[in-house]
Amino acid sequence: MLAGATSFILHFKSITQKRFVYFRNTSFKIFISVIAISILLITANVYFENDVHYTLLHSLRIASFQVISLITTTGFATADFKFWPQFSQLILIMLMFVGGMSASTSGAIKVSRLEVLYKDMKNVMSQIFRPAMIKNVEINGTSIRPAKIEKVYLFVILYITVFVISGILIVANGNSIATSFSAVAATLGNVGPGIGQVGPFDNFLHFSLFSKIILSFCMLLGRLEIWTALLLFSKYFWTV
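Because the structure is predicted, anything quoted here is derived from the model rather than measured.

Trainee: Honestly, a nonpolar patch on the surface in this entry has me stumped. Any pointers?
Mentor: A cluster of nonpolar residues, Leu154, Phe217, Leu220, Leu224, Trp227, Leu230, Leu231, Leu232, Phe233, Phe237 and Trp238, forms a patch on the protein surface that exposes about 1100 Å² of accessible area. Elements that contribute at least two residues to the nonpolar patch include exactly helix H9 (209–223) and helix H10 (227–231). Here the nonpolar patch takes three residues from H10, the largest share from any one element. Along the chain, phenylalanine 233 turns up in the segment after H10. With relative accessibility at 64%, the residue phenylalanine 233 sits in the exposed group.

Spelled out as structure tokens, the structure:
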């Protein structure tokens, strides 16, 4: 699962250069750090606060598998995490939005986009206190053009907008808030399971036809990363 969610460019470089180049990439280091922190937090939360008493080793094992499964948008499950403490469920839902690295098999927003957003917002905050400062956003030593940063912002805004609107529509169709929004997060990120009535050992059968159409549209948008799907609705696409 980790290999699939890691950039295949890094795999290619490691094979061709015969060097372990992964930790030279900032996105990979962020990706692994998020996974490690999430595993530690969920392990502690499940071990100390879960209704069912697990050993520390068992808590670590199930936390590790679920964190990696959801952030890589693989969707496998070894435990029914809808019964875990709410703090652990919250972390898992957040991971559904993160996803793996660019140029990988994973869905969701992707680590590299979040890295660009973080570094750009950090620069903006610095410029508020030091207006004369000019600093470019750099990823692995390469400056990112402002036009590309704007596209990243637009993608994330569209992603969140689709998530919110779709979630509201499914709630309005008679489903609970937890079930509705986690179902949208799971389908838009192509993750699979959510929480509530769409937990890892449940399914989407109980949704109405209207909700299934919305969730199917979310899966399509998520897999095509929004841009390709929106292009179909552009008149320029159909103009020869």
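Trainee: What exactly am I supposed to notice about the side chain of serine 7 here?
Mentor: Examined against the element boundaries, serine 7 turns out to sit in the loop between helix H1 (2–5) and helix H2 (8–17). When neighbours within four sequence positions are excluded, serine 7 is seen to be in contact with Met101, Ser102, Ala103 and Ser104.

Trainee: Any chance you could explain the packing of aromatic side chains here in plain terms?
Mentor: Aromatic ring pairs are defined here through the distance separating the ring centres and the angle between the ring planes. Here the structure, examined in full by the defined rule, presents eleven aromatic pairs. Ring centres of phenylalanine 155 and tyrosine 159 lie 6.0 Å apart, and the angle between their planes is 40 degrees; this geometry places the pair in the tilted category. One end of the pair is phenylalanine 155 and the other is tyrosine 159, both in helix H7 (residues 146–172) and four residues apart, which spans about a single turn. Residue classification places phenylalanine 155 among the buried residues on the basis of a relative accessible area of 1%. Ring geometry for phenylalanine 204 versus phenylalanine 207: centroids 5.6 Å apart, planes at 40 degrees, classification tilted.

Trainee: Looking at this structure, I do not really get the nonpolar core. What am I missing?
Mentor: Nonpolar side chains tend to gather and get buried jointly when the protein is soluble and globular. With 58 residues, the main nonpolar core has Ile42, Trp84, Leu92 and Tyr159 as its most contacted residues. Every element with two or more residues in this core is listed here: helix H3 (26–49), helix H4 (56–71), helix H5 (86–98), helix H6 (111–129), H7, helix H8 (177–188) and H9. Tallying contributions element by element places H7 first for this core, with eight residues. Residue contacts for tryptophan 84: discarding those within four places in its chain leaves Ile42, Val46, Asn50, Ile62, Ala63, Gln66, Ala79, Gln89 and Leu92.

Trainee: Would you mind showing me how to read H9 here?
Mentor: Helical geometry: 3.6 residues make up each α-helical turn, so side chains three or four residues apart lie on a common side. For H9, with 15 residues, the first-to-last C-alpha span of 21 Å sits near the 21 Å given by 1.5 Å per residue. Next to the buried residues of H9 lie H7, H8 and H10. Trailing H9 by a residue or two, glutamate 225 shows a phi angle of about 55 degrees, which is positive.

Trainee: Any chance you could explain the pattern of salt bridges here in plain terms?
Mentor: A side chain of one charge can pair with a side chain of the opposite charge when the charged atoms of the two come close. On inspection of all chains with the given rule, the structure shows four salt bridges. Between lysine 82 and aspartate 202 there is a salt bridge, with its nearest N and O atoms 2.7 Å apart. Here lysine 82 is found in the loop between H4 and H5, whereas its partner aspartate 202 is found in the loop between H8 and H9, with 120 residues between them in sequence. Here glutamate 225 and arginine 113 are joined by a salt bridge, their closest N and O atoms 3.0 Å apart. Of this pair, glutamate 225 sits in the loop between H9 and H10 while arginine 113 is found in helix H6, placing the two residues 112 residues apart along the sequence. The buried category is assigned to arginine 113, whose relative accessible area is 15%. The network of salt bridges with common partners includes Lys110, Arg113 and Glu225.

Trainee: Help me understand the side chain of threonine 179, please; the structure alone is not making it clear to me.
Mentor: Here threonine 179 is to be found in helix H8. The exposure class assigned to threonine 179 is buried, which follows from its relative accessible area of 1%. Each residue touching threonine 179, except ones within four places of it in the same chain, is listed here: Ile195, Gly196, Gln197, Val198, His206 and Phe207.

Trainee: In this structure, what is going on with the environment of glycine 189? I would like to understand it.
Mentor: Mapped onto the secondary structure, glycine 189 falls in the loop between H8 and H9. Classification of glycine 189 by relative accessible area gives buried; the value is 0%. When the C-alpha atoms of glycine 189 and lysine 18 are compared, they prove to be 33 Å apart, with 171 residues separating the residues in sequence.

Trainee: Is there a simple way to think about the packing of H3 against H4 in this case?
Mentor: A pair of packed helices is characterised by two quantities: the angle between their axes and the separation of those axes. Running from N to C, H3 and H4 point in directions that differ by 140 degrees, and their axes come no closer than 8 Å. As the angle between them shows, H3 and H4 are arranged oblique. Crossing handedness for the pair H3 and H4: right-handed. Residues Phe31, Val34, Ile35, Ser38, Ile39, Ile42, Thr43, Val46 and Tyr47 of H3 touch H4, and the partners they reach there are Leu56, Ser59, Leu60, Ile62, Ala63, Ser64, Val67, Ile68 and Ile71. Taken together, the residues that form the contact of H3 with H4 break down as 14 nonpolar, four polar and no charged.

Criteria and thresholds
Residues numbered from 1 in each chain as written. Predicted model: local features only at pLDDT ≥ 70, side-chain atom pairs only at ≥ 80, totals over all residues. Heavy atoms only, no water. Patch = residues over 30% accessible without salt bridge, like charges linked within 9 Å, V, L, I, M, F, W, Y side chains within 5 Å. Areas by Shrake-Rupley, 256 points an atom, 1.4 Å probe, with all protein chains shown as cover. Salt bridge = Lys/Arg side-chain N within 4 Å of Asp/Glu carboxyl O. Helix = DSSP H or I, 4+ residues; strand = E, 2+ residues; numbered from the N terminus. Buried < 20%, exposed > 50% of the residue type's maximum accessible area, 1.4 Å probe, protein only. Contact = heavy atoms within 4.5 Å. Phe/Tyr/Trp six-rings, centres within 6.5 Å; stacked < 30°, edge-to-face > 60°. Core = buried A, V, L, I, M, F, W, Y, C linked by side-chain atoms within 4.5 Å. Expected span 1.5 Å × (residues − 1). Axes fitted to C-alpha atoms, helices over the stretch in contact; angles between N-to-C directions. Parallel < 35°, antiparallel > 145°, perpendicular 65-115°, else oblique. Left-handed = near helix turned anticlockwise from the far one by under 90°. Nonpolar A, V, L, I, M, F, W, Y, C, P; charged D, E, K, R; others polar.

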